[in-house]
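Observations on the three-dimensional arrangement
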Amino acid sequence: MKTALFVFNGDPMCFIHVLLNALDMHAGGHEVRIVMEGASVALTPALLKPEHPLSKLFVKVREAGLLEGACKACSVKLGVASEIEAAGIALIGDMSGHPAMRTYMDAGWQVITF
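All residue numbers here refer to positions counted from 1 along the written sequence of the relevant chain. Confidence filtering applies because this is a predicted model: local features only for residues at pLDDT of at least 70, side-chain atom pairs given and counted only at 80 or more, and all residues used for totals across whole chains, interfaces and linings. To obtain the side-chain values, all non-hydrogen atoms of the structure were included, while hydrogens and water were left out.

Considerations on the overall build of the protein
- By the criteria applied, helices consist of DSSP H or I runs no shorter than four residues and strands consist of E runs no shorter than two, each listed in order from the N terminus. Within the protein, the secondary structure is distributed over six helices and five strands.
- The reference for a compact globule is 2.2 Å times residues^0.38; the radius of gyration itself is calculated from the C-alpha atoms. Against the compact-globule benchmark of 13 Å for 114 residues, the protein has a radius of gyration of 13 Å, which places it among compact chains.
- Dimensions of the protein, computed from C-alpha atoms along their principal axes, come out at roughly 35 × 30 × 20 Å.
- Every one of the 114 residues in the protein was classed for burial, and the buried ones make up 40%.
- Any two residues whose heavy atoms approach within 4.5 Å are treated as being in contact. A fraction of 71% describes how many contacts in the protein between residues 6 or more apart in sequence connect residues 24 or more apart.
- Exposure was quantified through the Shrake-Rupley algorithm and a 1.4 Å probe, taking into account, for residues, occlusion by the shown protein chains and nothing else. Put simply, the protein shows about 5,900 Å² of open surface, and 56% of that area lies on carbon and sulfur atoms. Relative accessibility decides the category of a residue: with a 1.4 Å probe and only protein chains considered, values under 20% of the type maximum give buried, values over 50% give exposed, and everything between is partly exposed.

What follows is the structure in structure tokens.
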């Protein structure tokens, strides 16, 4: 099964569930990608700091290749695009600067939003 987890919510208590579910799905043999959208992109600078409580999970997700990228339009609007790019995270957005769910759906991916 292929699943794209689109996370819009910028609350760390929501984001931890995205990270945990992505790792669990991956461990179970599923193909999974996380797409950071909306307010979630603003979490990135904090998640990159080792002292952040979710940093280790974020590193595991990135090392496993499960982070597809962050919305280009939202990253620019929220002022975090340069930090995201500097961290080697792709800025993505084929739909007016936003990642299109249809792209994943057309490729047979299940889309889940948070």
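What to know about the environment of Leu66
- By the element assignment, Leu66 lies in the loop between helix H3 (55-63) and strand E3 (67-71).
- Overall, Leu66 belongs to the buried group, its relative accessible area being 1%.
- Aside from chain neighbours lying at most four places away, what touches Leu66 is Ala22, Leu23, His26, Val32, Arg33, Ile34 and Val61.

Details of the side chain of Thr3
- Turning to its location among the elements, Thr3 is positioned in strand E1 (residues 2-7).
- Ignoring any residue separated from it by four or fewer positions in sequence, one finds Thr3 in contact with Met25, Glu31, Val32, Arg33, Trp109, Gln110 and Ile112.

Focus: the pattern of salt bridges
- By definition, a salt bridge exists where a carboxyl oxygen of Asp or Glu is found within 4 Å of a side-chain nitrogen of Lys or Arg. A full pass over the atoms with the stated rule returns three salt bridges.
- Put simply, Glu31 and Arg33 hold a salt bridge, and the shortest N to O gap is 3.8 Å.
- In this structure, Arg33 engages Glu68 in a salt bridge whose closest nitrogen and oxygen atoms are separated by 3.7 Å. Here Arg33, found in strand E2 (residues 31-36), pairs with Glu68, found in strand E3; they are 35 residues apart in sequence, far enough to count as distant.

Here's the deal with the packing of helix H1 (residues 12-27) against H3
- Axis separation between H1 and H3 bottoms out at 10 Å; the angle between their running directions is 40°. Judged on the interaxial angle alone, H3 and H1 are oblique. Considering only the axes of H1 and H3, their crossing is left-handed. Across the interface between the two elements, Phe15, Ile16, Leu19, Leu20 and Leu23 from H1 touch Leu57, Phe58, Lys60 and Val61 from H3. Only the stretch in contact is used when fitting a helix axis, every axis being a line fitted to C-alpha atoms; angles between N-to-C directions are given from 0 to 180 degrees. Roughly parallel covers angles under 35 degrees, roughly antiparallel covers those over 145, roughly perpendicular covers 65 to 115, and oblique covers all other angles. Should the near helix be turned counterclockwise from the far one by less than a right angle, the crossing is left-handed, whereas a clockwise turn marks it as right-handed.

That is the geometry; function is a separate question.
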